[in-house]
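The lines below spell out each chain.
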Amino acid sequence: AQRVTQPEKLLSVFKGAPVELKCNYSYSGSPELFWYVQYSRQRLQLLLRHISRESIKGFTADLNKGETSFHLKKPFAQEEDSAMYYCALSASGNTPLVFGKGTRLSVIA
Amino acid sequence: GAGVSQTPSNKVTEKGKYVELRCDPISGHTALYWYRQSLGQGPEFLIYFQGTGAADDSGLPNDRFFAVRPEGSVSTLKIQRTERGDSAVYLCASSPGLHTGELFFGEGSRLTVL
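Residues numbered from 1 in each chain as written. Chains lettered and ligands numbered in written order. Predicted model: local features only at pLDDT ≥ 70, side-chain atom pairs only at ≥ 80, totals over all residues. Heavy atoms only, no water.

Asks: Tell me about the overall build of chain B, residues and numbers included.
Replies: Secondary structure assignment for chain B yields zero helices and 11 strands. Ordered by position from N to C terminus, the α and β elements of chain B give β-β-β-β-β-β-β-β-β-β-β. Over its C-alpha trace chain B gives a radius of gyration of 13 Å, about what one expects of a compact globule, namely 13 Å for 114 residues. Seen through its C-alpha atoms, chain B measures out along the principal axes to roughly 35 × 25 × 25 Å. (Helix = DSSP H or I, 4+ residues; strand = E, 2+ residues; numbered from the N terminus. Rg over C-alpha atoms; globule rule 2.2 N^0.38 Å.)

Asks: Describe the overall build of chain A, and please don't skip the residues or the numbers.
Replies: Along its length, chain A carries zero helices and 11 strands. Along chain A, from the amino end to the carboxyl end, the secondary structure elements read β-β-β-β-β-β-β-β-β-β-β. The globule rule puts the C-alpha radius of gyration for 109 residues at 13 Å, and the 13 Å found for chain A is close to it. Of all 109 residues assigned to chain A, the portion counted as buried reaches 44%. A separation threshold of at least 6 residues defines the contact pool for chain A, and within that pool the share at least 24 residues apart is 59%. Put simply, chain A shows about 5600 Å² of open surface, and 48% of that area lies on carbon and sulfur atoms. (Buried < 20%, exposed > 50% of the residue type's maximum accessible area, 1.4 Å probe, protein only. Contact = heavy atoms within 4.5 Å. Areas by Shrake-Rupley, 256 points an atom, 1.4 Å probe, with all protein chains shown as cover.)

Asks: Please provide a residue-by-residue account of empty space enclosed by the protein, values included.
Replies: In the structure shown here, the tally under the stated rule is two cavities of 30 Å³ or more. Taken as a whole, the largest cavity encloses approximately 40 Å³ of empty space. Lining of the largest cavity is provided by Ser90, Thr95, Pro96 and Leu97 of chain A together with Tyr33, Tyr35, His99, Thr100, Gly101 and Leu103 of chain B. Tallied by class, the residues present in the lining of the largest cavity amount to five nonpolar, five polar and no charged. There is about 30 Å³ of room inside the second largest cavity. Lining the second largest cavity we find Gln38 and Leu44 of chain A together with Gln37, Leu91, Gly106 and Glu107 of chain B. By residue class, the composition of the lining of the second largest cavity is two nonpolar, three polar and one charged. (1 Å grid on protein atoms, 1.4 Å probe; cavity = no way out; pocket = protein on both sides within 12 Å on 5 of 7 lines; lining within 4 Å. Points joined across faces, edges and corners; volume = space filled by probe spheres on them. Nonpolar A, V, L, I, M, F, W, Y, C, P; charged D, E, K, R; others polar.)

Asks: Talk me through the environment of Ser9 of chain B; I want residue IDs and the actual numbers.
Replies: All names here are of chain B. In this fold, Ser9 is placed in the loop between β1 (5–7) and β2 (10–13). A residue is classified by how much of its surface remains accessible, and Ser9, at 49% relative accessible area, is partly exposed. For Ser9 and Phe105, which are 96 residues apart along the polypeptide, the C-alpha to C-alpha distance reads 13 Å. Non-local contacts of Ser9, meaning those with residues more than four positions away in its chain, are made with Gly108, Ser109 and Arg110.

Asks: Hey, could you go over the pairing of strand β4 (residues 31–37) of chain B for me, with residue numbers and the actual values?
Replies: All names here are of chain B. Among the seven residues that make up β4, seven are buried, leaving the element largely enclosed by the rest of the structure. Of the two faces of β4, the one carrying Ala31, Tyr33, Tyr35 and Gln37 and the one carrying Leu32, Trp34 and Arg36 are both buried. Relative to strand β5 (residues 44–50), β4 runs antiparallel, the two being bridged by six bridges. Bridge pairing in β5 links Tyr33 to Tyr48. (Pairing = 2+ DSSP bridges.)

Asks: Account for the sheet that holds strand β3 (residues 19–21) of chain A, with residues named and values stated.
Replies: On the basis of which strands lie adjacent, the open sheet formed by three strands has the order β3-β8-β7 (chain A) and antiparallel pairing. On the outer flanks of this sheet lie β3 and β7 (60–61) of chain A, each paired with one strand and no other.

Asks: I'd like a rundown of the layout of surface pockets, residues and numbers included.
Replies: Considering only enclosed or pocket space, the largest pocket measures out at about 860 Å³ in volume. Taken together, 33 residues form the lining of the largest pocket, with Gln38, Tyr86 and Arg104 of chain A together with Gln37 and Arg110 of chain B sitting closest to its centre. Sorting the residues of the lining of the largest pocket by element identifies β9 (83–91) of chain A together with β9 (88–95) and β11 (109–113) of chain B as the ones contributing at least two each. Here the element with the most residues in the lining of the largest pocket is β11 of chain B; it accounts for four residues. In this structure, the second largest pocket encloses a volume near 180 Å³. Lining of the second largest pocket is provided by 15 residues; of these, Val4, Val98, Phe99 and Gly100 of chain A together with Pro43 of chain B occupy positions nearest its centre. Contributing elements (two or more residues each) for the lining of the second largest pocket: β1 (3–5) and β10 (98–99) of chain A together with β5 of chain B. Among the elements that line the lining of the second largest pocket, the one with the most residues is β1 of chain A, at three residues.

In short, shape yes, function no, at least from these values alone.
Here's what the structure looks like:
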């Protein structure tokens, strides 16, 4: 079975500091990994996906199959990055997304 | 165009009652998903539709839960004999294709069972 683990419920960083939101997964095949974000009073939305290998709002994430991780990183946190972040996995792109429990990022001015 | 629309946004009901939650997906999106999110948890998959048929309902917790999408657009999640443990936010999402990973979520229907 697929499983996504986000070990931190809450992460607080100062504005301008680097951010790393951790995500580990359990799946023996070739997964597709995603990060979703929910800003205050907004709906859940896609932030980025590993196959795109793109940077969105300064965030990047690299799939590390050896460590089964897909950590989300940003070099300089901004106050507007404060939100709930969910890591999600699709098994070989053939199954519905499985979400982690989420990490709340709080960026302190 | 409008995003995914869910009604009602809030529903308070008594234990044992029947509840219907509606989802209006983005026009043209063929895939529709229902998720449930309890407090402090991530979204938990319930069921998805490709067109009119329920392609995978393995996430429905028991036979009190049922969902339909009769014309391949609007979907209704039905919960019979509600229990306090059913209290959660029920999220609907649609996607232009199946399992693309890019889901467009609604704002959710918050269900409270007293």
